[in-house]
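# Remarks on the overall topology
Letter by letter, the chains look like this.
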Protein chains: 4
Amino acid sequence: MPEPTVGGPLIERNETARVEAFSDGVLAIVITLLVLELHVPRQLTSEAALREALAHEWQSYLAFLTSFATIGIMWVNHHRLFTLIGKIDHWLLMLNLLLLLFICIVPFPTALVAEYLGHDGARLAALALNGVFTCTAIVFNILWRYAASNRRLIANGVSDEVIRSQTKQYRLGPFIYFASFLLAFVSPIASVALNLALAVFFALPLHTAD
Amino acid sequence: MPEPTVGGPLIERNETARVEAFSDGVLAIVITLLVLELHVPRQLTSEAALREALAHEWQSYLAFLTSFATIGIMWVNHHRLFTLIGKIDHWLLMLNLLLLLFICIVPFPTALVAEYLGHDGARLAALALNGVFTCTAIVFNILWRYAASNRRLIANGVSDEVIRSQTKQYRLGPFIYFASFLLAFVSPIASVALNLALAVFFALPLHTAD
Amino acid sequence: MPEPTVGGPLIERNETARVEAFSDGVLAIVITLLVLELHVPRQLTSEAALREALAHEWQSYLAFLTSFATIGIMWVNHHRLFTLIGKIDHWLLMLNLLLLLFICIVPFPTALVAEYLGHDGARLAALALNGVFTCTAIVFNILWRYAASNRRLIANGVSDEVIRSQTKQYRLGPFIYFASFLLAFVSPIASVALNLALAVFFALPLHTAD
Amino acid sequence: MPEPTVGGPLIERNETARVEAFSDGVLAIVITLLVLELHVPRQLTSEAALREALAHEWQSYLAFLTSFATIGIMWVNHHRLFTLIGKIDHWLLMLNLLLLLFICIVPFPTALVAEYLGHDGARLAALALNGVFTCTAIVFNILWRYAASNRRLIANGVSDEVIRSQTKQYRLGPFIYFASFLLAFVSPIASVALNLALAVFFALPLHTAD
């Protein structure tokens, strides 16, 4: 592969479309692959046995729901971000790839949680999941600050107030997920449940926007 | 992750494009992943054994066809919906994510039906599949009513008559799928066959549009 | 799910964009899922054993290449089709879903060929692959004829001569694949090799366009 | 399938959009499927055992990161290429399919590296991965040269200097990856590490663009 050339905003405005399309593709695939971790119990010979086997998979359902909701909120955030970002450059592409890297990893710790929650490896699994979420939140911040600093890549017509408000909101993410990471040392289940609660909280406009 | 801000239609009209693209991505992946549940019988040593093994997988083929057809009709509905919806807001994004959640789950009960139809767990499998379809039909209604109420997010140029007609058509969905859910208690196979028949019925314009 | 309304070209011209996007998504996923059938030999303890195990998988490589090339050509055809089709209606959506159904199935007979070519079930596997290809070619014809008849859904500016030429070219597809289907009774390997050769032939402009 | 007609740039400029969309889809899926090779250790009964099992999978993490980063850079290159290419013709579609073929194969040698790095089959695995990367770099060159020769498919407004600079940069790729291929004979781990380093190097603008 050749080296991409580097420089200022070398790609015009409507080129953000392809970055969004690629990111949408990755997010859509990751969110859909999560279902592959819901395993069908094979060759059980009674309905009672099947019912019990399915009920025993509650960790899988919790892990699936948590990661689905979190990635869903990530998509909403990514979507909103690119209504504010109007130009792209080499570093934005790279930061976006780094963001997608952490998002692509999510199914792995999700599967760990599905397998080990309620068992002895639960702490490690919850730490892994929250570690990935924390990294994602950090990269979201870096990407946004890179784009917003001196309005480097901000679309025309976006007010400084909107930028400040966005920066303020993003600042909390890494701390919240790091707190959930720490909680995993005390209670892995509480930590994963907090992840799900956070996604639902971000989905519900209980909080004011200012 | 930071909190998305909340409010009225904060995203302009052409922003529905990215919601549609993300939804298309998810629907395309779900409909394609279904084939992974068609298992190749391994290491059989005669053509007769392979033929018999493939014939024994009729539940897998029925489950695959049923879910493919149903998700296909869902895509057509989603597509049509977004020819009527011209604006998006925070709640529409959330309801659309909820819709995608139920659609993403479809491969799991499909695999259950493929494994247990004709065996002792068939009732549970058919209930699971119809339960997911019923939830999908309900969320389709909620999403449409939210968008259509007071023409909140309706595109300009869509007549009130078209809105009323759409509302009337959507109203039936949850009841039909719930009836199929109840049928699963009597006959799991008839319930799954009804799902397939419904998808084919919706595909064929046997019904008038008024 | 509610019933989609039925009628003439109810969706305007730029609406073909979403049909193309959904079809592109499905085609891109199917073509990429094929690689999942290339199995890594596990836990071999010498390089010689690994080399031999990989060499033994030649059926998998042939099946992968054949289906990749064939789906690639299908994409080119689908792409070209929608440069000629400028409007969509209910039946076109349905025929396109039927086309995608057969394309989505391709990984299953591909895996059959990968498992059984060179063994006793080879004939059945090659028949399955060619059966799916033949059905795809037939649906391509039905879809095109539906769109082209009386220029029902043809884009403005497409000459009648282009339509006639396209119809003439499509006519051959089902017969060629059915011939390959019949060849599978005589020699499964020759039949699969013919599939690959056909895809390469369609890719190379050895034939004149008239 | 019918034969596509052949000729000059038969598809107008905005038709590059669908080629990009299809390629984006394939690239997004391939980059996301890589995570499926990160296997969750099953049914371990102590956290210590799980920690050790996860630590033992370092080859999987290295393989995942290497292929993710390399495909990410491929996407950036593909993206940049299509800001320069403004028209498509039959051969460009075919060369693009050939490019996607090699990119689609990447998960297979990646899984080989994940399974055999540090064991006896490591050399073969690293050769396979570098072989695929080398082929990809070669096809990138062929595709670009085909498009750039006599400005055959170059968009209006792209200067000859930009074309020359792009050609010069692409020329190195195949040699670099072939050098890494040769390195695999000496040290498979060094070869894979070099692949990762190359992707990071291409991501960082340490090199000047002239």
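Quick look at the structure, then. Predicted model, so just to flag it, every value in this text is computed and none were measured.

This part covers the overall build of chain A. Looking only at helices and strands, one finds eight helices and zero strands in chain A. Taken from N to C terminus, the helices and strands of chain A fall in the order α-α-α-α-α-α-α-α. Here the C-alpha coordinates of chain A stretch approximately 65 × 40 × 25 Å along the principal axes. Looking at chain A as a whole, 61% of its 210 residues qualify as buried. Of the contacts formed within chain A by residues at least 6 apart in sequence, a portion of 77% connects residues at least 24 apart. Carbon and sulfur atoms provide 64% of the accessible area of chain A, an area that totals close to 7,700 Å². Distance from the positive charge centre (13 side chains) to the negative charge centre (15 side chains) of chain A: 10 Å.

A few words now on the relation of the copies chain B and chain A. Screw-axis analysis of chain B against chain A gives a translation of 0.0 Å along the axis, an RMSD of 0.0 Å, and a rotation angle of 90 degrees. The symmetry that links the two subunits is that of a four-fold axis. Ranked by how close their C-alpha atoms come to the rotation axis, the residues of chain B are headed by Gly25(B), at 4.4 Å. A different interface surface on each copy is seen, since only 5% of the contact residues of chain B are contact residues in chain A too.

Attention shifts here to helix α2 (residues 47–55) of chain B. Glu47(B), Leu50(B) and Leu54(B) are the residues of α2(B) that are buried. Axial view of α2(B): buried residues confined to an arc of 60 degrees, hence all on one face. Along its buried surface, α2(B) packs onto α3 (58–84) of chain B together with α5 (107–116) and α6 (122–148) of chain C.

Another point: the relation of the copies chain D and chain A. Note on the identical chains: chain D maps onto chain A by a rotation of 90 degrees and an axial translation of 0.0 Å, with an RMSD of 0.0 Å. Comparing contact sets, just 5% of the residues at the interface of chain D also lie at the interface in chain A, consistent with a heterologous contact between different surfaces.

A few words on the interface of chain B and chain A. The interface is formed by 40 residues belonging to chain B together with 55 residues belonging to chain A. Here chain B packs against chain A, burying approximately 4,400 Å² in sum over the two surfaces, 71% of which is carbon and sulfur. Counting every contact that joins chain B to chain A gives five salt bridges. Note that Asp24(A) and Arg18(B) form a salt bridge whose closest N and O atoms lie 2.8 Å from each other. Summed over the shared surface of chain B and chain A, the number is 11 residue pairs in polar contact (both at pLDDT 80 or more). When contributions to the side of chain B that touches chain A are tallied by element, the ones reaching two or more residues are α1 (16–33), α4 (90–105), α5 (107–116) and α6 (122–148) of chain B.

This part takes up the pattern of salt bridges. For side chains bearing opposite charge, pairing can occur when the charged atoms are close. Counted under the stated rule, the structure contains 28 salt bridges over all chains. For Glu47(A), the salt bridge goes to Arg51(A), with nearest N and O atoms at 3.2 Å. Placement of the pair is Glu47(A) and Arg51(A) together in helix α2 (residues 47–55), with a separation of four residues, close to one helical turn. For Glu47(A), a relative accessible area of 12% corresponds to the buried category. The partner of Glu115(C) in a salt bridge is Arg42(B), with the nearest N and O atoms 2.7 Å apart. Here the residue Glu115(C) occupies a position in helix α5, and Arg42(B) occupies one in the loop between α1 and α2, the pair thus bridging two chains. Through salt bridges that share partners, Arg18(A), Glu20(D) and Asp24(D) make up one connected network.

In this assembly, 56 residues from chain D lie in contact with 40 residues from chain A. Summed over both partners, the interface of chain D with chain A comes to about 4,400 Å²; 71% of that surface belongs to carbon and sulfur atoms. Of all residues in chain D, Glu47(D), Trp75(D) and His79(D) give up the largest surface area on contact with chain A, accounting jointly for 14% of the area buried on that side. Remark: the boundary between chain D and chain A carries five salt bridges. A salt bridge links Arg123(A) to Glu47(D), with the shortest nitrogen-to-oxygen separation between them at 2.7 Å. Joining chain D to chain A, the criterion identifies 11 residue pairs in polar contact (both at pLDDT 80 or more). Of all elements in the fold, only α1 (16–33), α2 (47–55), α3 (58–84), α6 (122–148), α7 (160–186) and α8 (188–203) of chain D reach the threshold of two or more residues within the side of chain D that touches chain A. For the side of chain D that touches chain A, the residue count by class is 32 nonpolar, 17 polar and seven charged.

A word on the packing of aromatic side chains. The full count for this structure, using the stated rule, is 36 aromatic pairs over all chains. Relative to Tyr170(B), the ring of Phe140(B) has its centre 5.9 Å away and its plane inclined at 80 degrees; by these criteria the two rings are edge-to-face. Of this pair, Phe140(B) sits in helix α6 while Tyr170(B) sits in helix α7 (residues 160–186), and the two are 30 residues apart along the sequence. Each member of the pair, Phe140(B) together with Tyr170(B), is buried. Pairwise contacts between aromatic rings join Phe140(A), Trp144(A) and Tyr170(A) into one cluster.

Conventions we followed
- Residues numbered from 1 in each chain as written.
- Chains lettered and ligands numbered in written order.
- Predicted model: local features only at pLDDT ≥ 70, side-chain atom pairs only at ≥ 80, totals over all residues.
- Heavy atoms only, no water.
- Helix = DSSP H or I, 4+ residues; strand = E, 2+ residues; numbered from the N terminus.
- Buried < 20%, exposed > 50% of the residue type's maximum accessible area, 1.4 Å probe, protein only.
- Contact = heavy atoms within 4.5 Å.
- Areas by Shrake-Rupley, 256 points an atom, 1.4 Å probe, with all protein chains shown as cover.
- Lys, Arg positive; Asp, Glu negative; His and termini not counted.
- Charge placed at Lys NZ, Arg CZ, Asp CG, Glu CD.
- Least-squares fit on C-alpha atoms with pLDDT ≥ 70 in both.
- Arc of directions from axis to C-beta.
- Buried area = accessible area lost by both parts, 1.4 Å probe.
- Salt bridge = Lys/Arg side-chain N within 4 Å of Asp/Glu carboxyl O.
- Polar contact = N/O pair within 3.5 Å; in protein donor to acceptor, adjacent residues only side chain to side chain.
- Nonpolar A, V, L, I, M, F, W, Y, C, P; charged D, E, K, R; others polar.
- Phe/Tyr/Trp six-rings, centres within 6.5 Å; stacked < 30°, edge-to-face > 60°.

Function-wise, these values are silent; they only describe arrangement.
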